[in-house]
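# Observations on the three-dimensional arrangement
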Amino acid sequence: MGGKMFKKYNVIVVGAGHAGCEAAAAAANMGSSVLLVTMNMGTIAQMSCNPAMGGVAKGQIVREIDAMGGYSGIITDKTSLQFRMLNRSKGPAMWSPRAQSDRMRFAEEWRLALERTPNVDFWQDMVSSLLVKGGNVCGVKTSIGVEIEADAVVLTNGTFLNGVIHIGEKKFGGGRTGEKAATGITEQLITLGFESGRMKTGTPPRVDGRSLNYDLMEEQWGDEERGRFSFTDVEMIAQQRCCWITYTNTNVHETLKEGFEKSPMFTGRIKGLGPRYCPSIEDKINRFAERDRHQIFVEPEGLNSVEMYINGFSTSLPEDVQYKALKQIPGFKDVKMFRPGYAIEYDFFPPTQLNLTLETKQISNLFFAGQINGTTGYEEAASQGFIAGINAHQKVHNKHELILKRSESYIGVLIDDLVTKGTEEPYRMFTSRAEHRLLLRQDNADIRLSPIGYELGLISDERLAKVNKKVKDSDDIVAFTKNKSINPAEVNSLLESLETSPLAQNTKLFNLLSRPQVVFTDLIKADDELKTLLSNFDKETIEQAEIKIKYESYFEKEMEIVERMKKMEDREINTEFDYHKLVSLSKEAREKLMRIKPRTLGQASRISGVSPSDISVLMVHMTK
């Protein structure tokens, strides 16, 4: 039946969450014929948890996807209700964009974008097993018995693999509330030699915004000067929506404790590992018993929707306990609940079973992306889907694989962490995970990665020309400041007002701008030539120049470290090498190296359990 109804595809993508959508778009835009198989065409790119994109380190990932030609940034901008640049008070390495999204419009825009992508076909069905011949994946079989052939398959199953939803003592199968779980794939992969585990995540209750008293909460508006995720100029929703902040209190905590004996987390019914950095409210009360309040963000689900997302109140307690506790939060006395919070447990596959391309080591042409790899978050999933889609296309067309380095992108850090170190709990990206974060900023994602996207055919000539112009123009501004001097009489009164020491002699603008207190917007008041020059450039270019000036010496030091590390990163190791032969390696190192099969000495050095002395042994052996 399959042969008549379906052609053979280059790539089949299973699952249409954030990972699946990026994978399908990337492979199709590079020229592959793609079939996107989803259990429900109505929930493509559903924001299953919070209606927001970005945040600390996650915002950098979305910018990187956009810089290389992915869709997440564009869709976010088109459907954003509020934009904030987090951590502005810190250095630019920490600046992280975050947008509140219109949940319904976000999913709709993604679906329309995929429908407009010529090489993408759709099929609504559950994939129950993979077609595998001689260690190669060659298609999928669905729950209604349809067999569809493909050169490569990307699995992006999210929380659906044997998903179980918990609300208090109730538990039922499901991949999301109101949607059934996916079965069959885990069991088959285990028979093929894969190792699987269980993880859990949770979501808060959603409430009727009309039943809340906002006078008792703090308003939280977006940035006055609204930023964007995409390096393209897409049209944004004109209106911004407000969010609100309120807090739990001891009454809320005491009420929640009443349900603890029915909590699936505390009674041991949930076996999966939960996210450490996004704990449930009951977990917070338990772990931080000394705190008498926790922050709650009340976030709109859409421009015209009354539904509100209660960020910070993720829970799997019985629904009556949730309701009773919510009513004690300031502003929530008359709250009406639309749906209770719940926890969900699902299967994942430890990502040490993958290559850095996200292809599985066990089965050729099979790729995993998203929560199946033990990550949490839309952004982490989208970036993996994007890379898996690219590499699936490259593999089936016998082209060069794409592996991003840790020194060139957060996406590179994410994938290297997963594949090299594995993860014991839902993995979330932080700026602290990136040792070269000063180089991996959100403002320069286009400069770092658009040339790679261009080589892959995902970035147009016009977009690359725009990036090259930004580099040239910002360099021209920096060069101007290095050549132009200013005398004390022109600038000292300004410097006093900025509370920085006055000049005793003529000084280059570059040196003045190196001071943390002095910025271009101040300096143009004292120098007309600078003011005229800057009037020719856009805000992004000027910001780029200012960052280069303020951090030039730091960047130089960072680049030296990268160059030193590069020697290790570039020393390739034969992945078929038998480490058992090297008896001078520790037993743990031999076992770990045999399992992970690092591609480079740098990757080997990051495997937990492989010590610096083990690396020295490897280096000596490789030199021989």
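See the structure above.
Residues numbered from 1 in each chain as written. Predicted model: local features only at pLDDT ≥ 70, side-chain atom pairs only at ≥ 80, totals over all residues. Heavy atoms only, no water.

## Considerations on the pairing of strand S16 (residues 295-300)
Where we set the bar: In this analysis, strands are considered paired if DSSP registers two or more bridges between them. Under the scheme used here, helices are H or I runs from DSSP no shorter than 4 residues and strands are E runs no shorter than 2 residues, and both carry numbers assigned from the N terminus.
Here strand S15 (residues 243-247) runs beside S16; their pairing, made up of four bridges, is antiparallel. Note on S16: the bridge partner recorded for Ile245 is Phe297. By the bridge criterion, four bridges tie S16 to strand S17 (residues 307-311) in an arrangement that is antiparallel. Bridged to Val298 within S17 is Ile310. From the end of S16 to the start of S17, which pair antiparallel, there are six residues.

## With respect to the sheet that holds strand S19 (residues 342-348)
The following threshold applies: To obtain an axis, a line is fitted to C-alpha atoms, over the contacting stretch when the element is a helix, and the angle between two such axes runs from 0 to 180 degrees between their N-to-C directions.
The strand order across the open sheet formed by four strands is S11-S10-S19-S12, and the pairing between neighbours is antiparallel. Bordering the open sheet on either side are strand S11 (170-173) and strand S12 (197-203), each of which pairs with just one other strand. On average, adjacent strands in this sheet sit at an angle of 25° to one another, irrespective of strand direction. Where S12 and S19 come together, seven bridges link them in antiparallel fashion. Each residue of the ladder has a partner; that of Thr203, found in S19, is Tyr342.

## Quick look at the packing of helix H3 (residues 58-67) against helix H10 (residues 378-396)
Note the threshold: Any angle that falls under 35 degrees is termed roughly parallel, while one over 145 is termed roughly antiparallel, one within 65 to 115 roughly perpendicular, and all others oblique. Here a crossing is taken to be left-handed if its near helix is turned anticlockwise relative to the far helix by less than a right angle, and right-handed if that turn runs clockwise. Here, two residues are considered to be in contact whenever any of their heavy atoms come within 4.5 Å of each other. Think of it as three bins: nonpolar holds Ala, Val, Leu, Ile, Met, Phe, Trp, Tyr, Cys and Pro, charged holds Asp, Glu, Lys and Arg, and polar takes everything else, Gly as well.
Viewed as axis vectors pointing N to C, H3 and H10 meet at an angle of 30°, and their least axial separation amounts to 9 Å. Judged by the inter-axis angle, H3 sits roughly parallel to H10. Helix-helix and strand crossings are classified by hand; for H3 and H10 the assignment is left-handed. Residues Lys58, Ile61, Val62 and Ile65 of H3 form the contact with H10, whose own contacting residues are Glu379, Glu380, Ala382, Ser383 and Phe386. Across the contact of H3 with H10, the residue classes tally to five nonpolar, one polar and three charged.

## Description of the nonpolar core
What tends to happen in soluble globular proteins is that the nonpolar side chains get buried as a cluster. Rules: Working definition of a nonpolar core: buried Ala, Val, Leu, Ile, Met, Phe, Trp, Tyr and Cys residues. They are joined through side-chain atoms within 4.5 Å. Exposure is judged per residue with a 1.4 Å probe applied to protein chains only, and the accessible area is read against the type maximum: over 50% gives exposed, under 20% gives buried, and values in between give partly exposed.
Core analysis: the largest hydrophobic core is formed by 102 residues, its most contacted members being Ile12, Leu155 and Leu366. Sorting elements by how many residues they give to this core places H10 first, with nine residues. When residues no more than four places from it in sequence are discounted, the contact partners of Leu366 are Leu130, Val137, Val153, Leu155, Leu189, Phe194, Leu358, Glu359 and Thr360. Residues Val478, Leu503, Phe520 and Leu534 belong to the second largest nonpolar core, which totals 23 residues.

## Some points on helix H14 (residues 488-497)
Along H14, the residues that are buried comprise Pro488, Val491, Asn492, Leu494 and Leu495. Turning to H14, the residues buried within the fold contact strand S21 (485-486), helix H15 (509-513) and helix H16 (520-523). Phi for Glu499, located one or two positions after H14, is positive at around 60°.

## Details of the state of the cysteines
Put simply, the test is: Counting rule for disulfides: a pair of cysteine sulfur atoms within 2.5 Å.
Summed over all chains, the structure comprises zero disulfides. Between Cys21, a free cysteine, and Cys49, which holds the nearest cysteine sulfur, the sulfur-to-sulfur gap is 17 Å. For Cys49, a relative accessible area of 24% corresponds to the partly exposed category.

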